[in-house]
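Okay, here's what each chain looks like letter by letter:
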Amino acid sequence: LENLASALAGVVGGDQVFAEAEIGDRYRIDFTRKYASRPAFLVRPATAEEVAGVVKVAAERGVPVTVVGGQTSTVGGAVPADGGIALSLERMNRIMEIDPVSMTMTVDAGCLLQNVQDAAEGAGMLLPLDLGSRGSATIGGVIGTNAGGNRVLRWGMTRDMVIGLEAVLADGSIVSSLTKMLKDNAGYNWKHLLIGSEGTLGVVVRAVLRLRPLPTSRQTALLAINTFEECALILRRLEQAMSGRLSSFELMWEEFYTRMTEGQLPDRPRPLPLGHAYYALVEAMGCDRESDEAQFERALEELLGEGLVQNAVIAQSDREREALWAVREDMMRGIETMRPLAGYDISMSLSDMPAFVEMARSNITAVYPHAKITFYGHAGDGNLHALVGVGAIDAQIVHQLDTCVFDAVRAVNGSISAEHGIGTSRAPFMSWSRTPEELRLMQLLKNALDPGNILNRGKMLDAWAAAGKPG
Ligand SMILES: Cc1cc2nc3c(=O)[nH]c(=O)nc-3n(C[C@H](O)[C@H](O)[C@H](O)COP(=O)(O)OP(=O)(O)OC[C@H]3O[C@@H](n4cnc5c(N)ncnc54)[C@H](O)[C@@H]3O)c2cc1C
């Protein structure tokens, strides 16, 4: 260990290498506090060259390296291997350039998402990526997980916003393509291999992100709806009526709306009365306030007139908009009565969503008749979250609940992970979303790019193998 410590200190300086006893919780315990470890060292490099040096030292000694971002993936993805190196890029937090002509920004991977969003906005542009964890999640983390969020419906996932990438590979080499070109078909587009690879194929150190014109008008409404079929119809009708301006369609099942608004009552009144099967938070963005508002109101009036929407409230100010978004995002008190919780982040085609919900609910209640279950999520993208509380939690209960939920996912050919990745928690069920051939291809890629298996050892395919490659 001493030898490793001095080799690492030789790369980043002794004051940026921390031994096990000095490592703070945020580097070794994730947001949910369900996953924790004991890395031997925390290392905080300041440049891509230093990251490369650290990876080289690790590769020579076969020591695992895990990049630690904001620890918000919730699947244990950034919890370092025991005895390994926790690599934090928090000192690499520069916004290198904002280019208003190409509409790009070049940033270090250690930047916080919110800081990057603010810098883009300050320059009169929009980085459309937006998540509830914006204040903690890092650019490296959102690229590592290919994060989605609240505006995928209009602008896509992180993958759609990364134009250029610089990364350190498992042998310590730096591969760089910090291009600002939207189009580049000169051979394999390797950056897409790294995006969403959860730090198992390379360490992202810098990225060029695509920006959009900053919308100057924003319309937000909460709708009460009676059936899922009507929800799906309303989504498509709004997309058409808004001429592509619809950026969010967040759906909340009745139990979710009831619980969250109950928990929020000390802070704000319930925006719409209870009693409807679904509540949809919809948002459109544009650049012509007067006509955008008129278009939005006209579309909602039509839906109300036709009886598709039962009730609606439109935000009249930023404060009211925040209050509507809080129904969906301010969940801490609402979920208190459900704890301890198991949470899910799954996806499927919109048409399969009602069948999935029914099946997942019946699978769970067959085992736990008194389970508290609630569904909500980025339904416009086919992405649902489920929260389940059965009064207690341990590894066996988690496995049983996972089986109930993922069995329903499998039945509709869905994905066990829409956004957060596999980490360790989803790994035993990988083969319920991926064919044997797909898993074999993934393993081939991992072996080719990281033959010593040092990058985020123990996650994703490793964790699936450790679970006995079930399925
Ligand atoms: C309240 C809340 C709301 C959320 N909402 C959403 C949402 O709407 N949409 C969504 O997609 N996710 C959401 N998430 C999940 C999470 O915020 C995202 O997965 C985010 O991208 C993780 O960023 P992070 O910096 O915390 O990464 P971490 O959790 O630290 O790391 C995630 C993975 O990326 C790897 N990684 C980190 N940095 C790098 C790097 N530089 N190079 C290579 N690999 C790296 C890690 O090793 C790990 O495997 C939410 C989480 C919370 C807690």
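Conventions used here
- Residues numbered from 1 in each chain as written.
- Predicted model: local features only at pLDDT ≥ 70, side-chain atom pairs only at ≥ 80, totals over all residues.
- Heavy atoms only, no water.
- Helix = DSSP H or I, 4+ residues; strand = E, 2+ residues; numbered from the N terminus.
- Buried < 20%, exposed > 50% of the residue type's maximum accessible area, 1.4 Å probe, protein only.
- Contact = heavy atoms within 4.5 Å.
- Areas by Shrake-Rupley, 256 points an atom, 1.4 Å probe, with all protein chains shown as cover.
- Lys, Arg positive; Asp, Glu negative; His and termini not counted.
- Charge placed at Lys NZ, Arg CZ, Asp CG, Glu CD.
- Salt bridge = Lys/Arg side-chain N within 4 Å of Asp/Glu carboxyl O.
- Near = heavy atom within 4 Å.
- Polar contact = N/O pair within 3.5 Å; in protein donor to acceptor, adjacent residues only side chain to side chain.
- Nonpolar A, V, L, I, M, F, W, Y, C, P; charged D, E, K, R; others polar.
- Pairing = 2+ DSSP bridges.
- Axes fitted to C-alpha atoms, helices over the stretch in contact; angles between N-to-C directions.
- Left-handed = near helix turned anticlockwise from the far one by under 90°.
- Patch = residues over 30% accessible without salt bridge, like charges linked within 9 Å, V, L, I, M, F, W, Y side chains within 5 Å.

A. Structural view of the overall build of the chain. Across its full length, the chain carries 14 helices and 18 strands. Relative to its 471 residues, the chain shows a buried fraction of 52%. Put simply, of all contacts in the chain between residues at least 6 apart along the chain, 73% involve residues at least 24 apart. As displayed, the chain offers around 19800 Å² of accessible surface, 51% of which is attributable to carbon and sulfur atoms. Taking the 44 positively charged and 57 negatively charged side chains of the chain as two groups, their mean positions are separated by 3 Å.

B. Spotlight on the environment of Glu-229. Topologically, Glu-229 is positioned in helix H7 (residues 228–241). Taking the relative accessible area as the measure of exposure, Glu-229 reaches 54% and is therefore exposed. For the pair formed by Glu-229 and Met-252, sequence separation is 23 residues and the distance between their alpha carbons is 14 Å.

C. The arrangement of the pattern of salt bridges in detail. Counted under the stated rule, the structure contains 30 salt bridges. The shortest N-O distance in the salt bridge between Glu-90 and Arg-44 comes to 3.3 Å. Highlighted residues: Glu-90 in the loop between strand S4 (85–88) and strand S5 (95–99) and Arg-44 in the loop between strand S2 (41–43) and helix H2 (48–61), separated in sequence by 46 residues. The salt bridge involving Lys-180 is made with Glu-97; its shortest N-O contact spans 2.8 Å. Of the two residues, Lys-180 is situated in the loop between strand S9 (174–177) and helix H6 (191–194) and Glu-97 in strand S5; the sequence distance between them amounts to 83 residues. Judged by relative accessible area, which is 29%, Lys-180 ranks as partly exposed. Each member of the salt-bridge network shares a partner with another, and the members are Arg-94, Asp-108, Glu-166 and Arg-206.

D. Geometry of the site of the ligand. Near the ligand lie 33 residues; those nearest to it are Val-67, Thr-72, Ser-133, Thr-138 and Glu-419. Between the ligand and the protein, one listed contact pairs an oxygen atom with a backbone N or O atom of Gly-69 at 2.8 Å. Here a nitrogen atom of the ligand sits 2.6 Å away from a polar atom, N or O, in the side chain of Glu-419. Looking at the shell around the ligand, the elements that each hand over two or more residues are helix H4 (139–145) and strand S10 (203–210). Among the residues making up the shell around the ligand, the classes are represented as 11 nonpolar, 20 polar and 2 charged.

E. Region of interest: the sheet that holds strand S13 (residues 246–253). Ordered in space as S15-S12-S14-S13-S17-S18-S16, the 7 strands form an open sheet in which the pairing is antiparallel. The sheet terminates laterally at strand S15 (309–314) and strand S16 (341–347), the two strands that pair on one side only. Taken pair by pair, the neighbouring strands of this sheet meet at an average axis angle of 20°, ignoring direction. Sheet analysis places strand S17 (residues 372–377) next to strand S18 (residues 383–389), joined by 5 bridges and oriented antiparallel. Paired with Tyr-376 across the two strands is His-385, which belongs to S18. Docked against the sheet, helix H11 (residues 353–367) engages S13, S16, S17 and S18, running at close to 160° with respect to S17.

F. Quick peek at the sheet that holds S5. Overall, antiparallel pairing links the 5 strands, which are arranged S5-S6-S10-S8-S9 in an open sheet. Looking at strand neighbours, the two that pair on one side only are S5 and S9, the edges of this open sheet. Strand-to-strand twist across the sheet, computed as the mean angle between neighbouring axes with direction ignored, equals 10°. Bridge count for S5 against strand S6 (residues 104–108) is 4 bridges, and the pairing is antiparallel. Pairing of Glu-97 across the sheet is with Thr-106, part of S6.

G. The packing of helix H8 (residues 254–264) against helix H10 (residues 318–329), seen in detail. Contact geometry of H8 with H10 gives a least axis separation of 9 Å together with a crossing angle of 115°. In this structure, H8 crosses over H10, and the sense of that crossing is right-handed. Between H8, through Phe-256, Tyr-257, Met-260, Thr-261 and Gln-264, and H10, the contact on the second element is made entirely by Ala-326, Val-327 and Arg-328. A per-class count over the contact of H8 with H10 returns 5 nonpolar, 2 polar and 1 charged.

H. Geometry of a nonpolar patch on the surface. A cluster of nonpolar side chains, namely Leu-193, Leu-441, Leu-444 and Leu-445, defines an oily patch on the protein surface of about 330 Å² accessible area. Element by element, the count of residues in the nonpolar patch is highest for helix H13 (residues 436–449), at 3 residues. By the secondary structure assignment, Leu-444 is in helix H13. The class of Leu-444 is partly exposed, set by a relative accessible area of 45%.

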